[in-house]
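Chain by chain, the residues:
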Amino acid sequence: MPRIRLAIGCLLVLAAAAPASAVASQRMFVGFQDDPSFRWRDDRATNLTAAAQTSSSIVRTTVYWSRAATTKPANATDSFDPAYHFEDIDELVRNASFDGMTVMLTIWGTPGWANGDLGENHAPTNMQDLQDFARAVADRYSGRHPGFPFVGYYSVWNEPNLAEFLAPAYDKSGKPASPAVYAQIARAAYAGIKAGNPRAQVGIGETSPRGRQRPINSASTQDTIAPGLFARLVSEARPAVKFDAWAHHPYSGLGQGPTAKVAFPNVNLTQLPTFEKKLAQWFNKKIVNIWITEYGFETKPGEPKGVSLAQQAAYAKQSIAYVQTLPYVHMYIWFIFRDDPTSTWQSGLENLDSSRKPAFATFTAASRKADVRSPIVYIKAGRSNPVVRLPVWELAARDGVGAPLGATVKTFYNRRNIAVSQPTSMIAIDGHASFAVPLKKPPKRTAYTVSFVINDKNGNKVFRSATLIVQ
């Protein structure tokens, strides 16, 4: 049985109100991917709670289609079909919610029955099978089924520009083959996810930072495609692929820092501005949102060619601060949370014995500044009692959709409490609640901080804050 807990948040320190131009950088999701530590270890619940202490707001995990459906289900769009097994995903989603975080699910890995036993890294023979599976997953976590919290973020496949995850990368003539196949995968998964949960946001790509532009013809080295080339070829597929964001893993080379440079069409952190412009051009959009769904730095001595512990701490702070300046980056996920004997990566913020590396503290400080649970809300001048919508995932996991909530809401200007109210609300299907802020006809170019103490009928509380900017 999953371990059920309620995370009681800490009241955020209220900053002095300031002119709108002086308000801090944008908010974004910050979190981790670490399937061994969060899903499979005996101490997984403890690890997840420790991760929540970094002010993280999201956990990414992989939904292995090949493991969730080892045999073909009779009703593939119904995640409660007896052929499906989502037990460890269910537990993670619940526990993350109780710890005040939400989840992002990455669908990957074709079961043998769906592609003639070619392997997890080969596409399904019939894309309808993938679409049905994606729909089942999204419906399961749509908020419509009691006991299964809402999941609003999905991505499609993992690093499909590497043959390790999607093969073949090239056809027999040496031309890239996987981008066109991936376009089919993305279309099928997007359609299925949106059918299962129209509120869900879907990221495609999940591209690795580096690759080649031609096959290597080596039995010992996998074929790869540079992420920029891969994305451009996906954009040329017809019908056009739909998506809400492009997911990418902008790692620096082993032992390098976040400012390391590569030649496009490879894309590390410093190439994100160029990549975003190219994506917008290729997909004919004004802007393409980017999700950083894997990032991190491996440390010595576990990885002899990695960075020092002090460097990892500095790079975590530096990289989060940098991407906060990029308005199209809405997510930053660190890989992994804790070093583990089953992982080939030593990029955790905790050591094997759960002791904390120096990066734990710098990551926490940077994550707190970006926390989406403390939103920046823009309002019109003269608008009284604006409504602020906040995630209350802890209470949603405990009480369910539609449960009544109360709150004490305080508005501050120049550190002075200028108004207090006690509005009521209820938990929406996506685990959020909306509250009116006591504020009368605010003038232009002012900013306010607002504190929220939100409680349910059982006396459980969560604490949130928001910054209101009057335009």
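Here the structure is shown first, and the text comes after it.
Residues numbered from 1 in each chain as written. Predicted model: local features only at pLDDT ≥ 70, side-chain atom pairs only at ≥ 80, totals over all residues. Heavy atoms only, no water.

1. Here we look at the overall build of the chain
Operational definition: Secondary structure elements are defined from DSSP: runs of H or I of at least 4 residues count as helices, runs of E of at least 2 residues count as strands, and each element is numbered from the N terminus. Radius of gyration: C-alpha atoms only; globule rule: 2.2 Å multiplied by the number of residues to the exponent 0.38. Three exposure classes are used, based on accessible area relative to the maximum for each residue type with a 1.4 Å probe and protein chains only: buried under 20%, partly exposed in between, and exposed over 50%. Contacts between residues were defined by any pair of non-hydrogen atoms, one from each residue, lying within 4.5 Å. The Shrake-Rupley method, run with a 1.4 Å probe, gives the accessible areas here. Residue values count only the displayed protein chains as cover.
Along the chain, the regular secondary structure elements total 12 helices and 16 strands. Taking 23 Å as the expected radius of gyration for a compact globule of 471 residues, we find that the chain reaches 22 Å, a close match to that expectation. Sorting the 471 residues of the chain into buried and exposed places 58% on the buried side. Contacts in the chain between residues far apart in sequence, at least 24 positions, make up 72% of those at least 6 positions apart. Split by element, the accessible area of the chain, about 19,300 Å² in all, is 52% carbon and sulfur.

2. Description of the sheet that holds strand β4 (residues 153-156)
Basically, it comes down to this: Between any two strands, at least two bridges found by DSSP are needed for them to pair. Axes here refer to lines fitted to C-alpha atoms; in helices the fit is confined to the stretch in contact. Angles between the N-to-C directions go from 0 to 180 degrees.
Read once around its circumference, the closed barrel built from 8 strands follows the order β1-β2-β3-β4-β5-β6-β7-β8, with strand pairing classed as parallel. Recorded for the sheet is a direction-independent mean angle of 30° between the axes of neighbouring strands. Note: strand β3 (residues 102-108) against β4, 4 bridges, orientation parallel. Each residue of the ladder has a partner; that of Leu105, found in β4, is Tyr154.

3. Overview of the side chain of Asp90
Looking at the secondary structure, you find Asp90 in helix α4 (residues 87-98). On the accessibility criterion, Asp90 (7% relative accessible area) is buried. Other than its neighbours up to four places away in sequence, Asp90 contacts Arg140, Tyr141 and Phe148.

4. Quick notes on the pattern of salt bridges
Heads up, the rule is: Only one rule defines a salt bridge in this text: a Lys or Arg side-chain nitrogen within 4 Å of an Asp or Glu carboxyl oxygen.
Per the counting criterion, the structure on display carries 16 salt bridges. In this structure, Lys194 and Asp244 form a salt bridge, with 3.0 Å as the shortest nitrogen-oxygen distance. You can see Lys194 sitting in helix α7 (residues 178-196) and its partner Asp244 sitting in the loop between α8 (227-236) and β6 (245-248), a full 50 residues away along the chain. Measuring nitrogen to oxygen at the nearest pair gives 2.9 Å for the salt bridge that ties Lys357 to Asp339. You can see Lys357 sitting in the loop between β8 (329-335) and α11 (359-370) and its partner Asp339 sitting in the loop between β8 and α11, a full 18 residues away along the chain.

5. Here's the deal with the side chain of Ser57
Position of Ser57 among the secondary structure elements: in the loop between α2 (44-52) and β2 (58-64). Excluding its chain neighbours within four sequence positions, the residues that come into contact with Ser57 are Met28, Phe29, Val30, Met101, Thr102, Asp371, Val372, Arg373 and Trp393.

6. Focus on the environment of Asn385
Tracing the backbone shows Asn385 in the loop between β9 (376-379) and β10 (387-391). The exposure class assigned to Asn385 is partly exposed, which follows from its relative accessible area of 32%. Separated by 51 residues in the primary sequence, Asn385 and Ala436 place their C-alpha atoms 5.5 Å from one another. Once residues within four sequence positions are removed from consideration, Asn385 is found in contact with Ala436, Val437, Pro438, Leu439 and Lys440.

7. Here we look at the packing of α7 against α8
The condition is simple: Should an angle fall under 35 degrees it is called roughly parallel, over 145 degrees roughly antiparallel, and 65 to 115 degrees roughly perpendicular, with every other angle called oblique. Crossing handedness is read from the near helix: turned anticlockwise from the far helix by less than a right angle, it gives a left-handed crossing, and turned clockwise, a right-handed one. All amino acids are sorted into three groups, where Ala, Val, Leu, Ile, Met, Phe, Trp, Tyr, Cys and Pro are nonpolar, Asp, Glu, Lys and Arg are charged, and the leftover types, Gly among them, are polar.
The interhelical angle for the contact between α7 and α8, taken along N-to-C directions, is 60°, at an axis separation of 8 Å. As judged from the angle between their axes, α7 and α8 are oblique. Seen from above, α7 lies across α8 with right-handed handedness. Counted together, Ser178, Pro179, Tyr182 and Ala183 of α7 and Phe230, Leu233 and Val234 of α8 form the full contact between these two elements. For the contact of α7 with α8, a count of residues per class yields 6 nonpolar, 1 polar and no charged.

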